[in-house]
Amino acid sequence: MSNAPVVAAVDGSDHSLLALEWARTAALRHRAGLVVAHVLPDTAQLYAARRSSLADASQPEKFADPVGERVRGILATAPELPDEVRYDALEGSVPEALRVAGEGALVLVMGSRGRGGFAALLLGSNSRALASSAACPVVVVPHAARSAPAEPADGSAGSDASAGSAGRVVLGLHAAETADDVVAFAFTEAAARGTTVQVVSAYAIPPAPTLVMDSPFQVIPPEGLADDGDAVPAEREMLRSQTERLVPFRARWPQVRVEQAAVPGDPAERLVTASRAAALVVVGRHHPRRSVGHLMIGSVAHAVLHHAHGPVAVVPTLSDDS
């Protein structure tokens, strides 16, 4: 059993309850404990502070916590629970309290929007803040309107990707820049699910010469540089780089099947498309050479979080040597 728990952030909204179910099944897969974390509303926090400061024994020690009651009721009817389940009512601001709750966690799981989010928003402010700054990997589970059923490779109907093990784990990889922690997380998740890791890397295609006006040089698309092989040079080079980068991970997880894909176009768009048939999309939090203090989320992770059709794991660099 893993010593690091899976932490589910809940606020009683339908979005957070989807995250709770995802976290429950993740804890079972990884044989980890489950911590359900709820940041108390301001009214409850003010009551607790007032009672403590006035030392008024006539006031009840406990206050109404409808979210906690609802969560306990849901878990009581779950078909299976991890060996260890704990409910934590937290105080403080939502992002900071959950950051602390996620320290040392296997993963922190959140809904894409909370109870106070506007319906038009694709990603709530708390989910965005935690994905950008938490010390552990953060999984954001999209709301039902954005979710797409995972489709197995054989084309048969799949189950809902928000909770089950159906579908592959998709890893967005830049062979020279994606941290080892990100790759290891994807392989660990695939091993726990008994599924495939699909490694996706994207390369840019220069515009056709006819589209470059008043250019001092001729732009040659990759297809114009192809030799005897069927793949264009950019694709072959990217697949070669992928293969080299994945060697130690294939050796560590020999039971995990790996599919490699080098595709032209925008990497975020390709990952969003792949998310339709994925149980989970895994991306690194930031560009290691461009982020300041490791607190900025990269453009690819940002776009995938906003538009993916299934759960997205944003993984920080967890070790200094990654």
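Starting from 1, residues in each chain are numbered consecutively following that chain's sequence as written. With pLDDT at 70 or above as the cut-off, local features in this predicted model cover only qualifying residues; side-chain atom pairs require 80 or more to be listed or tallied, and sums for whole chains, interfaces and linings still use all residues. Side-chain numbers here rest on the full set of heavy atoms in the structure, without hydrogens or water.

1. Focus: the overall build of the chain
1) Next: Helical segments are the DSSP runs of H or I of at least four residues, strand segments are the runs of E of at least two, and each set is numbered from the N terminus. A count of helical and extended segments in the chain gives 9 helices and 10 strands.
2) Next: Residue burial is assigned from relative accessible area. The probe radius is 1.4 Å, only protein chains are included, and a residue is buried under 20% of its type maximum, exposed over 50%, and partly exposed in between. Burial analysis of the chain (322 residues in total) assigns 46% to the buried set.
3) Next: In the chain, the proportion of contacts linking residues at least 24 apart, taken out of those at least 6 apart, comes to 76%. Any pair of residues with heavy atoms lying within 4.5 Å of one another is described as a contacting pair.

2. Some details on the nonpolar core
1) Next: If you look at the biggest cluster of nonpolar residues, it comprises 43 residues, and the most contacted ones within it are V109, L171, F187 and V282.
2) Next: Residues within four places of V282 in sequence aside, it is in contact with V169, V170, L171, G172, V182, F185, A186, A313 and V315.
3) Next: Only buried Ala, Val, Leu, Ile, Met, Phe, Trp, Tyr and Cys residues count toward a nonpolar core, and they belong to the same one when joined by side-chain atoms within 4.5 Å. Counting 33 residues, the second-largest nonpolar core is a separate cluster that includes L130, A131, C136 and A301.

3. As for the packing of helix α1 (residues 14–30) against helix α6 (residues 180–193)
1) Next: Relative to each other, α1 and α6 sit at 85°, their axes nearing to 9 Å. The angle between α1 and α6 falls in the class roughly perpendicular. When α1 is examined against α6, the residues W22, R29 and H30 are found in contact with a partner set consisting of T188, E189, A192 and R193.
2) Next: By the convention adopted, Pro, Cys, Tyr, Trp, Phe, Met, Ile, Leu, Val and Ala count as nonpolar, Lys, Arg, Asp and Glu as charged, and the other residues, Gly among them, as polar. Considered class by class, the residues forming the contact of α1 with α6 number 2 nonpolar, 2 polar and 3 charged. Fitting a line to C-alpha atoms yields each axis, with helices limited to the stretch in contact; the angle taken between N-to-C directions then spans 0 to 180 degrees. By the definition adopted for this analysis, an angle is roughly parallel if under 35 degrees, roughly antiparallel if over 145, roughly perpendicular if from 65 to 115, and oblique otherwise.

4. Here's the deal with the pairing of strand β10 (residues 312–315)
1) Next: Of the two faces of β10, both are covered, the one formed by V312 and V314 as well as the one formed by A313 and V315.
2) Next: Across 3 bridges, strand β5 (residues 138–141) lies against β10 in antiparallel orientation. Considered in β10, the bridge of V138 is made with V314.
3) Next: Two strands are said to pair when DSSP picks up at least two bridges between them. Direction of pairing for strand β9 (residues 278–284) relative to β10: parallel, over a ladder of 4 bridges. Looking across to β10, one finds that V283 is bridged to V314.

5. Here's the deal with the pairing of β9
1) Next: Among the 7 residues that make up β9, 6 are buried, leaving the element largely enclosed by the rest of the structure.
2) Next: Pairing of strand β6 (residues 168–172) with β9 involves 4 bridges; the strand directions are parallel. Bridge pairing in β9 places V170 opposite V281.

6. Describing the side chain of T196
1) Next: Looking at the secondary structure, you find T196 in the loop between α6 and β7 (197–203).
2) Next: Classification of T196 by relative accessible area gives buried; the value is 12%.
3) Next: Ignoring sequence-local partners within four residues, the contact set of T196 consists of R168, V169, A190, R257, V258 and E259.

7. Digging into the side chain of H38
1) Next: Within the secondary structure layout, H38 lies in strand β2 (residues 32–39).
2) Next: Residues contacting H38, with those up to four places away along its chain left out, are V10, D11, D65, V67, Y87, D88, A89 and L90.

8. Remarks on unusual backbone geometry
For residues besides glycine, phi is generally negative; the peptide bonds are generally trans as well.
1) Next: One non-glycine residue, R31, lies in the positive phi region at around 55°.
2) Next: One can find R31 in the loop between α1 and β2.
3) Next: Judged by relative accessible area, which is 59%, R31 ranks as exposed.

9. Observations concerning the confidence of the model for the chain
1) Next: Residue-level confidence of the predictor is what pLDDT reports, using numbers from 0 through 100. Summing up the model confidence of the chain, the mean pLDDT is 80 and the portion of residues at 70 or higher is 69%.
2) Next: Contacts for the low-pLDDT stretch residues 150–165, under 50 throughout, to residues beyond four places or in other chains number 34 contacts.
3) Next: A low-confidence stretch, residues 290–294 (pLDDT under 50), is modelled with 5 contacts involving residues beyond four sequence positions or located in other chains.

10. Looking at the packing of aromatic side chains
Pairs of aromatic rings are described using the distance from one ring centre to the other and the angle between the two planes.
1) Next: Aromatic contacts are taken between Phe, Tyr and Trp rings whose centres are within 6.5 Å, Trp giving its six-membered ring; a plane angle under 30 degrees counts as stacked, one over 60 as edge-to-face, and the others as tilted. For the coordinates displayed, the defined rule picks out 3 aromatic pairs.
2) Next: Ring centres of F187 and W253 lie 5.6 Å apart, and the angle between their planes is 35°; this geometry places the pair in the tilted category. Of this pair, F187 sits in helix α6 while W253 sits in the loop between α7 (233–252) and β8 (258–264), and the two are 66 residues apart along the sequence.
3) Next: Residue class for F187 comes out buried when judged on its relative accessible area of 0%.
4) Next: Of note, R29 hangs over the ring of W22, and the distance from its end group to the ring centre comes to 5.7 Å. By definition, being over a ring means that NZ of Lys or CZ of Arg is both within 6 Å of the ring centre and within 35 degrees of the ring normal.

11. Brief notes about the environment of S93
1) Next: Tracing the sequence through the fold places S93 in the loop between β3 (85–90) and α4 (94–102).
2) Next: The sequence separation of S93 and P41 amounts to 52 residues, and the corresponding C-alpha distance is 9.3 Å.

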